[in-house]
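Per-entry structural report
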Amino acid sequence: MGRSKRDVLTEVVADYMEHTSLHGYRYLTEPGRHWFERLVWLVVHTLATVGVVIQVQNMYQEYRNQAPITTVQSSHYHVSLVPFPAVAVCDINKMRKSRVQALAARLIRDHGMGGISQEELTGLLRYLGRLYDHRREGEENAIRLQTLFVEYNVTLDYRGTMQSLGTQCDDLLLACKWAGKTRPCLELFNMRKTMEGYCCTFNYVRGSDNFDTRLHANGSIATVKAERPGEHENNGNMEAEQSLAAGPMMGLSVLVNSNLSEYFYPLLPTTGIKLLVFNPHDYPDTASGGLIEKLVMTKQEVFFTLSSVTTKTSDEVLDLPKARRKCLFNNEKILFANFYSYSDCLMECRVQSMQNLCGCLPFFNPVKGNEEDTRVCEIGDLRCLNKHTEMWQTLRPSEELPGLELEMTQSLECSDCFPACGDTVYHVETTSMPLQQVLMDHSNFLKGFKVANHSVFHMFFGQTSQTLMNKSVRMPWHELLSNIGGICGVFVGFSAMSVIEFLYFFTVRVCLGLASVRRLGGGLGGLQGGAALKGGNPPLAGRGAGPLAGADQARYPQEILSAGLLLTPTTAPVDSNYFNWGRYTFQSHGRNRNGSRH
């Protein structure tokens, strides 16, 4: 009776169970085992398999739900590897008196505003300063100014006008020193847009003050040329300055002139300057948490000691969903010249809200697209700006928290904004002292200047060693694989070779067995010459004798029947009547020389 495909599969399974490298599986099918032993081993293997499945599932869920962790990689990160922060020097006085008077005279002359005096118009022009803080005090005067503009057909270029009315860098900055060398201030500082209006900025490396939406043919964002000649460009940005060593001599020192006689519209009830300290690639924005604001009063010398924490992120974090890692890489969202930052994203969100609610943007805000296509907020927009200012400065919490119900409804929602995965955060410690003439006279940097409305600040790193943090996943994929392999090895002895072994038995061995069945016509072919098992078993049928009868076939070992072999007299040695096959010994029943059988 021939073998079926089911017989082949059954034989392969039995052979696999006997020879597999998995622990204890041969006891399930080993001949001679009591049924109770097989039952015990079946229960043991079932429990072991269930344990493996549960442990692997829990570990995989932990891997899928893990959040990145931040650890200290080094507390000796050299200061020369850290970008020096950007510094914006902003005059507290936003409108200089002489410049406002000159504007009033020009408006009366050019537009024939003879019905109003220069002094009265100068007083009304003071309310242009409301475009900075959006306050509504004296709203009737602001409305009158807007009425005069309409009556006399006055059209102001608010961006250019407000910049020209403010303090210029050559008036504000008298002497500058960087990295131990005295430099012309205008070589170090540029007039740029900030949240405080137009300020003199140092090391602010972004190539553009606006959101750059121009695209190349390949879809990448067009880069913007560096504004200062000779600067190195980096994806549209300039290279940030770095301090080679710590200490006041290797930092930034600036002598500032706060001309009190020109005070016309101060934003704070004091005199001096406001410093904005921020990342060189970020738009200076308070809501992002990355901006440090410091005041330098007149006749004060202030020392700002810097320290930094730099975070670098491993590539494994990129594979996590954004909602879980809660940070963005540079290539995931482009805002300013091929560089992503949290403050840029918040500013884009705020700009979009301003355009939706008021239909205009304050003159110092970044613009999406071309400035000519964006309407600048005017005096008539102050009421709308004032109404929503508090909302624009408040970010909606990412989850509902007790006591913040008002913030959940009256706040700016920027759910697509996350902190940058790699960033540098600065910390500043302040020490101040009165600015003394005797000390200025003994300083090569300040010698020749007389203390009047002046102030000096020094900004420098306090230590050569800074902190480097590493953001990574607690369990990378290769560690997950290692842990799963360890669990499988402990419970059932499973390894990568077990997979190959399984595939071998149930592909190669099954295919060979099925091929043998087809070749022999579904049955065991006749055995040439005849052979008998040592111990009295009847001989195998000779060649051409046909398949074994059912009664004879059942008396032969299963290994011989499943092998599909033809045993012939040539298998035995020449001078011997016995030969071995596996663990069985066969005796030849061929005829001897005198013609008798044995």
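Residues numbered from 1 in each chain as written. Predicted model: local features only at pLDDT ≥ 70, side-chain atom pairs only at ≥ 80, totals over all residues. Heavy atoms only, no water.

1. Let's talk about the sheet that holds strand S6 (residues 197-202)
Put simply, the rule reads: In this scheme, strands are said to pair when DSSP sees at least two bridges between them. Only DSSP runs of H or I covering at least 4 residues are called helices, and only runs of E covering at least 2 are called strands; the numbering of each starts at the N terminus. Helix axes are fitted only over the stretch in contact, all axes being lines through C-alpha atoms; the angle between N-to-C directions runs from 0 to 180 degrees.
With antiparallel pairing, 5 strands are arranged side by side in an open sheet as S5-S6-S2-S10-S11. The two strands at the open ends of the sheet, each matched to only one other strand, are strand S5 (189-194) and strand S11 (292-297). Looking at each pair of strands side by side, their axes are set apart by 35° on average, direction ignored.

2. Overview of the state of the cysteines
Here, disulfide denotes a covalent bond that connects the sulfur atoms of two cysteines. Here is the rule: Cysteine sulfur atoms are paired as a disulfide whenever they come within 2.5 Å of each other.
Using the criterion set out here, one finds 8 disulfides in the structure. Linked covalently through their sulfurs, Cys169 and Cys200 form a disulfide whose S-S length is 2.2 Å. Here the disulfide of Cys169 and Cys200 is left-handed, its torsion about the S-S bond being about -120°. Of this pair, Cys169 sits in helix H8 (residues 169-172) while Cys200 sits in strand S6, placing them 31 residues apart in sequence.

3. Observations regarding the pattern of salt bridges
Definition in use: Counted as salt bridges are all cases of a side-chain nitrogen of Lys or Arg within 4 Å of a carboxyl oxygen of Asp or Glu. Relative accessibility under 20% of the residue-type maximum defines a buried residue, over 50% an exposed one, and the middle range a partly exposed one, all with a 1.4 Å probe and only protein chains included.
Applying the stated criterion to the full structure yields 16 salt bridges. The salt bridge involving Asp133 is made with Arg135; its shortest N-O contact spans 3.0 Å. We classify Arg135 as partly exposed; its relative accessible area is 36%. In this structure, Arg206 engages Asp344 in a salt bridge whose closest nitrogen and oxygen atoms are separated by 2.6 Å. With Arg206 in the loop between S6 and strand S7 (233-234) and Asp344 in helix H11 (residues 342-358), the pair connects residues that are 138 residues apart, well separated along the chain. In this structure, Arg206 and Asp344 share a single accessibility class: buried. Each of Lys94, Glu196, Lys274 and Glu293 takes part in a single network of salt bridges with overlapping partners.

4. Section: the confidence of the model for the chain
Under the convention used in this document: Within a predicted model, pLDDT stands for the predictor's per-residue confidence, ranging from 0 to 100. Whether two residues touch is decided by their heavy atoms; if any such pair falls within 4.5 Å, the residues are in contact.
Scored by pLDDT, the chain has a mean of 79; 79% of the residues are at 70 or more. Per-residue pLDDT stays below 50 along residues 522-556; that stretch engages in 76 contacts with residues further than four places along the chain or on separate chains. Low confidence marks residues 586-598, where pLDDT is under 50. Its contacts with residues over four positions away, or in another chain, come to 30 contacts.

5. Observations concerning the UniProt feature "transmembrane region" (unreviewed entry) in the chain
Using the following cut-off: UniProt positions are given in the numbering used here, feature names are shortened, and annotations may be inferred rather than shown by experiment.
Mapped onto this structure's residue numbering, the UniProt feature "transmembrane region" (unreviewed entry) falls at residues 480-506. Taken end to end, residues 480-506 is 89% helix and 0% strand, and its two terminal C-alpha atoms sit 28 Å from one another.

6. Quick word on helix H2 (residues 35-65)
Stated precisely, the cut-off is as follows: To estimate the expected span of a helix, subtract one from its residue number and multiply by 1.5 Å.
Its 31 residues place the ends of H2 45 Å apart at the C-alpha level, agreeing with the 45 Å of an ideal helix rising 1.5 Å per residue. Here H2 has its buried residues at His45, Ala48, Gly51, Val52, Met59 and Tyr63. Packed against the buried residues of H2 are helix H15 (477-492).

7. Details of unusual backbone geometry
Even without glycine at this site, Asn153 takes up a positive phi of about 55°. With respect to the helices, strands and loops of the structure, Asn153 is situated in the loop between helix H6 (139-151) and helix H7 (158-165). For Lys299, which is not glycine, the phi torsion reads 60° and is therefore positive. Overall, the relative accessible area of 45% leaves Lys299 in the partly exposed class.

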